[in-house]
Amino acid sequence: MKSTYSINQSGWLANQKHCPSPHYDLRPDPQDISLLVIHYISLPPEQFGGNYIDAFFQGRLDPAIHPYFDEIKDLRVSAHCLINREGKITQYVSFNDRAWHAGVSCFQGREKCNDFAIGIELEGSNNQPFTEQQYATLTKLTRSIMQHYPKIGKDRIVGHSDISPGRKIDPGQYFDWEKYLTCL
């Protein structure tokens, strides 16, 4: 397995699934991509598989399908990428653009982390471990991102909980930071 993925000049991964989201905008400073934020998501909560995350990030999630979907129907959010339980990547927003993943956030005294961060979602929850395939893909994707956006070093990789404490807990208790960072 190659150690990195190819990212083109437009900020899109080559040879990966693209599912463009309308929930993004331009970064205030495209040269300041300097943070990587790890998240988790499952839709409905604690259920894996299906295309509900794609639909959510594209703003087309049907609220009639599940009661939880009715609760989140008005949210306009996205991430740059999702890594599903099998380790497959879906990219929603170019890395060069600002995805709407961090919300109210602060890193080292700087607010609005979406302005300068890349957001990666892992299909998961706070109640069970992530898969080996997810760690392998996340490691390879992180190497690619660090290579393409050199302002992102190991010291600038955080969980959503680190930049939104008290509001967010992801990537959660089962995310093995030591394993992930050691593999980089």
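Residues numbered from 1 in each chain as written. Predicted model: local features only at pLDDT ≥ 70, side-chain atom pairs only at ≥ 80, totals over all residues. Heavy atoms only, no water.

A.B. asks: Please provide a residue-by-residue account of the layout of surface pockets, values included.
C.D. replies: In this structure, the largest pocket encloses a volume near 640 Å³. Lining the largest pocket we find 28 residues, and of these Tyr40, Ile41, Tyr68, Glu121 and Lys168 sit closest to its centre. Listing elements by their share of the lining of the largest pocket, those giving two or more residues are strand 3 (35-41), helix 1 (52-57) and helix 2 (67-72). The greatest single-element share of the lining of the largest pocket, amounting to three residues, is contributed by strand 3. Of the residues in the lining of the largest pocket, the class split is 13 nonpolar, nine polar and six charged. Within this model, the second largest pocket holds a volume of roughly 190 Å³. The element contributing the most residues to the lining of the second largest pocket is helix 1, with three residues. Taken together, the residues of the lining of the second largest pocket break down into four nonpolar, five polar and six charged. (1 Å grid on protein atoms, 1.4 Å probe; cavity = no way out; pocket = protein on both sides within 12 Å on 5 of 7 lines; lining within 4 Å. Points joined across faces, edges and corners; volume = space filled by probe spheres on them. Helix = DSSP H or I, 4+ residues; strand = E, 2+ residues; numbered from the N terminus. Nonpolar A, V, L, I, M, F, W, Y, C, P; charged D, E, K, R; others polar.)

A.B. asks: Would you mind going over the pairing of strand 9 (residues 117-123) in detail, with residue names and values included?
C.D. replies: The two faces of the sheet receive side chains in turn, since in a regular strand these alternate between them. Burial analysis of strand 9 places seven of its seven residues in the buried class, the great majority of the element. Residues Ala117, Gly119, Glu121 and Glu123 of strand 9 are buried on one face, and the alternating residues Ile118, Ile120 and Leu122, pointing to the opposite face, are buried as well. Sheet topology places strand 3 next to strand 9; seven bridges connect them, and they run parallel. Looking at the pairing, leucine 35 lines up with alanine 117 of strand 9. (Buried < 20%, exposed > 50% of the residue type's maximum accessible area, 1.4 Å probe, protein only. Pairing = 2+ DSSP bridges.)

A.B. asks: With reference to specific residues and values, describe the sheet that holds strand 1 (residues 17-18).
C.D. replies: The strand order across the open sheet built from six strands is 1-5-4-9-3-10, with neighbouring strands paired in mixed fashion. Looking along the sheet, the strands with just one partner apiece sit at the ends: strand 1 and strand 10 (157-159).

A.B. asks: Would you mind going over the pairing of strand 3 in detail, with residue names and values included?
C.D. replies: Along strand 3, seven of the seven residues are buried, which leaves the element largely enclosed by surrounding structure. Where burial is concerned, the two faces of strand 3 agree: the one with Leu35, Val37, His39 and Ile41 and the one with Leu36, Ile38 and Tyr40 are both buried.

A.B. asks: Explain the environment of serine 161 to me, using residue names and the numbers behind them.
C.D. replies: Structurally, serine 161 can be placed in helix 4 (residues 160-163). In sequence terms serine 161 and phenylalanine 56 are 105 residues apart; their C-alpha atoms lie 21 Å from each other. Apart from residues lying up to four places away in sequence, serine 161 is in contact with Lys168, Ile169, Asp170 and Pro171. (Contact = heavy atoms within 4.5 Å.)

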